[in-house]
Amino acid sequence: MRVAVIGAGILGASTAWHLAQAGAEVLLVDRDDRGRATAAGAGIVSPWGSKLEDGPAYRLLEAGAAYYGPLAETLRDQGEAELGYARVGSLVVPDSTADLDAAERVLRARAARAPEAGAVERLGPDDARALFPPLREGLAALHVPGGARVNGRLVAAALARAAEARGARRLAGSARLLAERGRIRGVALGAEELAADAMVVCAGAWAPELLAPLGVTLPVAPQRGQIVHLRRPGVDTSRWPTLSPLNSYYLLAFDDSRVVVGATRETGSGFDHRLTGGGVAAVLNAGLATAPGLADWTLEEVRIGFRPLADDGAPLLGPLPGLEGLLIGNGLGPSGLTMGPLAGRLLAQATLGQETTLPLEPFAPLRATVSKRAG
Ligand SMILES: Cc1cc2nc3c(=O)[nH]c(=O)nc-3n(C[C@H](O)[C@H](O)[C@H](O)COP(=O)(O)OP(=O)(O)OC[C@H]3O[C@@H](n4cnc5c(N)ncnc54)[C@H](O)[C@@H]3O)c2cc1C
């Protein structure tokens, strides 16, 4: 079976690798758009404090985090050891004791069902600062030992290379979909046409423009995120935990004396690839309010990424009704670095007609259209 995968962000790269592992002939096409989400994503992999209610999307998030351990091992065996993945633990740092109590109840209940989370512990301010020294004085925290972080760029690149090593063909360029009599027949790149039996569109926030010529309206739009990288050469940040206050901002550290502070969530931004004064100020203010010790670190870089966000906020994964052979992988929004590798596995299983590890029905790509029609 020959499958074209469009988009080599974390979702497309994972889909391609799982397909190639299963013996499919894979074409992986990517356009390397400015602002692709995977290249900007922060990399927190710690689902248990998520504001998502328990339900299919939360289960995907949780299972996605659990999948990283086995994934990292398999990729290591295939010569891909550099994912920036480390189980450094997570600190949740609410501002008030009431919020701390409420967060603790949720975290403990979720962690009890997820062995990889480890035992949730309440830390006093000094113990919390010992783990993340720039943290504001006087902040108590909840510590989740199984929390992790990952470098999205490295994961996607490793998956794509591992797919290639298993026979996938990588093509650079802007893909167009070819369909005939209600079924996919291949992909066009400029004047070149390549036949395919199936197609998985993982084109992130750009997928609607790709599908529009087929008469498909995908309910997805770009949500801009501006994210700040700070560095202080000589400081060993490699074991610092991820840090989540109870707002939408967060901090995490990488091995190279770097702390990342994220991020704006600008719904309705379109593909406006600009840093804004207000955006960068909001991120820095939130970050420094939580970790004032970072105030004199070097502002090294601010990245911009367009999260592929579905109208109802939930992932879109699975076959597209009405066009045989076409599957969609999209809508991973703010959690795609956590969900992406597992979601790619599910898409590969669905493409090959196998039973999926988690049910895909809740993520039906056109569910909104269908329920509108029904209503
Ligand atoms: C600032 C920010 C912080 C984030 N932090 C986290 C986090 O801490 N934890 C977490 O789990 N998630 C996080 N995310 C979310 C995560 O990054 C995204 O959900 C995920 O990367 C989406 O991956 P994707 O493969 O679907 O899309 P993308 O990475 O955007 O990839 C889509 C690819 O498709 C290609 N493409 C599009 N159209 C075509 C075409 N016609 N032909 C060929 N190629 C095409 C593009 O060039 C691109 O390479 C964050 C995102 C942002 C922006």
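Cut-offs and rules
Residues numbered from 1 in each chain as written. Predicted model: local features only at pLDDT ≥ 70, side-chain atom pairs only at ≥ 80, totals over all residues. Helix = DSSP H or I, 4+ residues; strand = E, 2+ residues; numbered from the N terminus. Buried ≥ 20, exposed ≤ 12 C-beta atoms within 10 Å, placed from the backbone. Contact = placed C-beta atoms within 7 Å. Near = placed C-beta within 6 Å. Nonpolar A, V, L, I, M, F, W, Y, C, P; charged D, E, K, R; others polar. Domains from an automatic or database assignment. Pairing = 2+ DSSP bridges. Axes fitted to C-alpha atoms, helices over the stretch in contact; angles between N-to-C directions. Parallel < 35°, antiparallel > 145°, perpendicular 65-115°, else oblique. Expected span 1.5 Å × (residues − 1). Arc of directions from axis to C-beta. Core = buried A, V, L, I, M, F, W, Y, C linked by C-beta atoms within 7 Å.

### Points about the environment of leucine 60
Along the polypeptide, leucine 60 turns up in helix α3 (residues 56–77). Among the residues examined, leucine 60 registers 27 C-beta atoms within 10 Å and is labelled buried. In this structure the C-alpha to C-alpha distance between leucine 60 and leucine 342, which are 282 residues apart in sequence, comes to 7.9 Å. Aside from chain neighbours lying at most four places away, what touches leucine 60 is Pro315, Met339, Leu342, Ala343 and Leu358.

### Considerations on the site of the ligand
For the ligand, the set of nearby residues contains 43 residues, the closest of which are Gly9, Gly41, Gly204, Gly305 and Gly336. Ranked by the residues each element gives to the shell around the ligand, the list is headed by helix α9 (residues 336–351), at four residues. Considering only residue class, the shell around the ligand consists of 20 nonpolar, 17 polar and six charged. Both domain 1 (2–39 + 153–220 + 312–374) and domain 2 (85–148 + 221–310) contribute no fewer than three residues apiece to the shell around the ligand.

### Side note on the sheet that holds strand β8 (residues 169–172)
Strand order in the open sheet formed by six strands is β8-β2-β1-β12-β20-β19, with mixed pairing between adjacent strands. At either margin of the open sheet sits one strand with a lone partner, and together these are β8 and β19 (316–319). Across the sheet, the mean angle from the axis of one strand to that of its neighbour is 15°, orientation sign disregarded. Here strand β12 (residues 198–201) runs beside strand β20 (residues 326–330); their pairing, made up of three bridges, is parallel. If you follow valine 201 over to β20, its bridge partner there is isoleucine 328.

### Observations concerning the packing of α3 against α9
Running from amino to carboxyl end, α3 crosses α9 at an angle of 75°, the nearest separation of the two axes being 7 Å. Relative to α9, the element α3 lies roughly perpendicular. Here Leu60, Leu61, Ala63, Gly64, Ala65, Tyr67, Tyr68 and Leu71 of α3 lie close against α9, whose contacting residues are Thr338, Met339, Pro341, Leu342 and Ala343. A breakdown of the residues in the contact of α3 with α9 according to their chemical character gives eleven nonpolar, two polar and no charged.

### Points about the environment of histidine 273
Inspection of the secondary structure puts histidine 273 in the loop between β17 (266–267) and α8 (277–290). A sequence separation of 33 residues divides histidine 273 from phenylalanine 306, and the C-alpha atoms of the two residues are 8.6 Å apart. Each residue touching histidine 273, except ones within four places of it in the same chain, is listed here: Arg34, Gly35 and Ile304.

### Comments concerning the environment of leucine 159
Inspection of the secondary structure assignment puts leucine 159 in helix α6 (residues 152–165). Owing to 32 C-beta atoms within 10 Å, leucine 159 belongs among the buried residues under this scheme. The spatial distance from the C-alpha of leucine 159 to the C-alpha of proline 341 is 8.9 Å, given a sequence separation of 182 residues. In contact with leucine 159, not counting residues within four places along its chain, are Ala13, Ser14 and Trp17.

### Side note on α8
Given a rise of 1.5 Å per residue, 14 residues ought to cover 20 Å, and the 20 Å separating the end C-alpha atoms of α8 matches this to within 8%. Within α8 the residues assigned to the buried category are Gly279, Val283, Ala286, Gly287 and Thr290. Looking straight down α8, one finds that the buried residues subtend no more than 95° of arc, so they occupy a single side. In α8, the exposed residues that point more than 90 degrees away from the buried face are Gly277, Gly278, Ala281 and Asn285. In this fold, the buried residues of α8 make contact with β13 (220–231), β14 (242–244), β15 (250–254), β16 (258–262) and β17.

### Considering the sheet that holds strand β10 (residues 183–189)
If you walk across this open sheet you meet the three strands as β9-β10-β11, and the pairing is antiparallel. Looking at the sheet topology across the chains shown, the edges are occupied by β9 (175–180) and β11 (192–195). Here the average twist between neighbouring strands, direction ignored, is 35°. Of the strand pairs in this sheet, β10 and β11 are connected by four bridges, and their pairing is antiparallel. Counted as the bridge partner of leucine 189 is glutamate 192 from β11.

### Remarks on the nonpolar core
As a rule of thumb, soluble globular proteins bury nonpolar side chains together. Counting 122 residues, the largest nonpolar core has Ala16, Val26, Ala163 and Met199 as its most contacted members. The biggest single contributor to this core is α3, with nine residues. Inspection of this core shows a minimum of three residues originating in each of domain 1 (2–39 + 153–220 + 312–374) and domain 2 (85–148 + 221–310). Setting aside anything within four residues of it in sequence, one finds methionine 199 in contact with Ala4, Ile6, Leu177, Ile184, Val187, Gly325 and Leu326.

### Overview of the domain arrangement of the chain
The domain architecture assigned to the chain consists of domain 1 (2–39 + 153–220 + 312–374) and domain 2 (85–148 + 221–310). Computed from C-alpha atoms alone, the centre-to-centre distance between domain 1 and domain 2 is 30 Å. Facing 19 residues of domain 1, the contacting portion of domain 2 comprises twelve residues. Broken down by class, the residue content of the side of domain 1 that touches domain 2 amounts to ten nonpolar, six polar and three charged.

### Here we look at the pairing of β15
Within a regular strand, the side chains alternate between the two sheet faces. Most of β15 is tucked away: five of the five residues are buried. Side chains Tyr250, Leu252 and Phe254 of β15 all project onto a buried face; the interleaved residues Leu251 and Ala253 project onto the opposite face, where all are buried too. With five bridges joining them, β15 and β16 adopt antiparallel strand pairing. Among the inter-strand pairings, leucine 252 is bridged to a residue of β16, identified as valine 260. Linking β15 to β16, which pair antiparallel, is a turn of three residues; within it serine 257 sits at a positive phi near 55°.

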